[in-house]
Amino acid sequence: GLKSIKYLNDQISDELYTIKDVEYSNFLELMIHIKDNTSINTRQMSILIRLNFFREFGNSKFLYLSYEKFRDKYKVYKKEETTLARINEIKDYMNEIKEVEDFSINEKILFEKQMMGYSQLTEESCSNKVVVVTNINTKFTPVLTLYSVQSGKEVEFRVAKDKFYGEGKSPN
């Protein structure tokens with residue numbers, strides 16, 4: 001379940017489960033419903049978006065930027081016209097950015113590792129030579145942890161100290 005993800009818990013899982021069968025015509029409707037009817041906070045919502053939990057509404061960068069605008073603008077006001085004006089402002093912004101390019105594969109993999117302790121993202125169309133460095137340990141012999149984008153497997157790769165050019169170092 002969701003509680004294995006940093007900052008999420010059973011309550012969030014239960015609240016999302018109760019709304020899973022509700023049909024939303026767009027992401028803005030969903031955000032309003034979640035804000036008004038659940039205890040999901042900003043950090044938790046951002047994590048769920050970045051982990052592609054709401055992928056049916058668009059790519060994670062589009063949803064993340066939309067949520068940032070929503071957080072900044074949405075409030076229920078005493079005057080309904082004010083609330084509606086804010087909602088329309090959010091809609092206009094979402095229409096402007098709907099073609100935004102998604103987060104890179106590197107960003108997605110590193111975010112999954114950060115939040116879940118592992119990554120499950122794979123891209124079969126990538127060459128088996130495409131890897132993401134997910135960890136660098138330079139305590140003794142430098143060891144790089146490499147994540148294969150094609151297969152989703154991780155391997156450790158040792159590099160001779162004289163061949164490793166880490167931060168602040170350059171070849172002679």
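Our structure's up above, just so we're on the same page.
Here goes a summary of the coordinates provided.

The rules behind the values
- Residues numbered from 1 in each chain as written.
- Predicted model: local features only at pLDDT ≥ 70, side-chain atom pairs only at ≥ 80, totals over all residues.
- Heavy atoms only, no water.
- Axes fitted to C-alpha atoms, helices over the stretch in contact; angles between N-to-C directions.
- Helix = DSSP H or I, 4+ residues; strand = E, 2+ residues; numbered from the N terminus.
- Parallel < 35°, antiparallel > 145°, perpendicular 65-115°, else oblique.
- Left-handed = near helix turned anticlockwise from the far one by under 90°.
- Contact = heavy atoms within 4.5 Å.
- Nonpolar A, V, L, I, M, F, W, Y, C, P; charged D, E, K, R; others polar.
- Core = buried A, V, L, I, M, F, W, Y, C linked by side-chain atoms within 4.5 Å.
- Buried < 20%, exposed > 50% of the residue type's maximum accessible area, 1.4 Å probe, protein only.
- Salt bridge = Lys/Arg side-chain N within 4 Å of Asp/Glu carboxyl O.
- Pairing = 2+ DSSP bridges.

Overview of the packing of helix H3 (residues 42-50) against helix H4 (residues 60-73)
Where H3 contacts H4, the axes come no closer than 8 Å and their chain directions differ by 160 degrees. Considering their axes alone, H3 and H4 lie roughly antiparallel with respect to each other. The way H3 lies across H4 gives a crossing that is right-handed. Contacts between H3 and H4 pair Thr42, Met45, Ser46, Ile49 and Arg50 from the former with Ser60, Leu63, Tyr64, Tyr67, Glu68 and Arg71 from the latter. Residue classes in the contact of H3 with H4 are distributed as five nonpolar, three polar and three charged.

Concerning the nonpolar core
Formed by 33 residues in total, the largest nonpolar core has its most connected members in Phe27, Met45 and Phe54. Breaking this core down by element, the ones donating at least two residues are helix H1 (10-18), helix H2 (27-37), H3, H4, helix H5 (80-97) and helix H6 (105-116). With sequence-adjacent residues up to four places away left out, Phe27 is seen in contact with Met45, Ile49, Phe54, Phe57, Leu63, Ser66 and Met94. Of all hydrophobic cores here, the second largest spans five residues; its members include Ile109, Cys126, Val132 and Val149.

Describing the pattern of salt bridges
On inspection of all chains with the given rule, the structure shows five salt bridges. Among the salt bridges present, the one from Lys20 reaches Asp21, with a minimum N-O distance of 3.1 Å. We classify Lys20 as partly exposed; its relative accessible area is 46%. Asp102 is the partner of Lys108 in a salt bridge, and the nearest nitrogen-oxygen pair spans 2.6 Å. Residue Lys108 is classed as buried on the basis of its relative accessible area of 18%.

Re the sheet that holds strand S1 (residues 131-137)
Backbone-to-backbone hydrogen bonds pair the strands of a sheet. The strands run either parallel or antiparallel. As summarised here, the arrangement of the three strands in space is S1-S2-S3, forming an open sheet in which the pairing is antiparallel. Of all the strands in the sheet, just S1 and strand S3 (154-158) have a single pairing partner and so form its edges. Mean inter-strand twist for the sheet, computed between neighbouring axes without regard to direction, equals 25 degrees. Looking at chain direction, strand S2 (residues 143-148) and S3 are connected through five bridges and run antiparallel.

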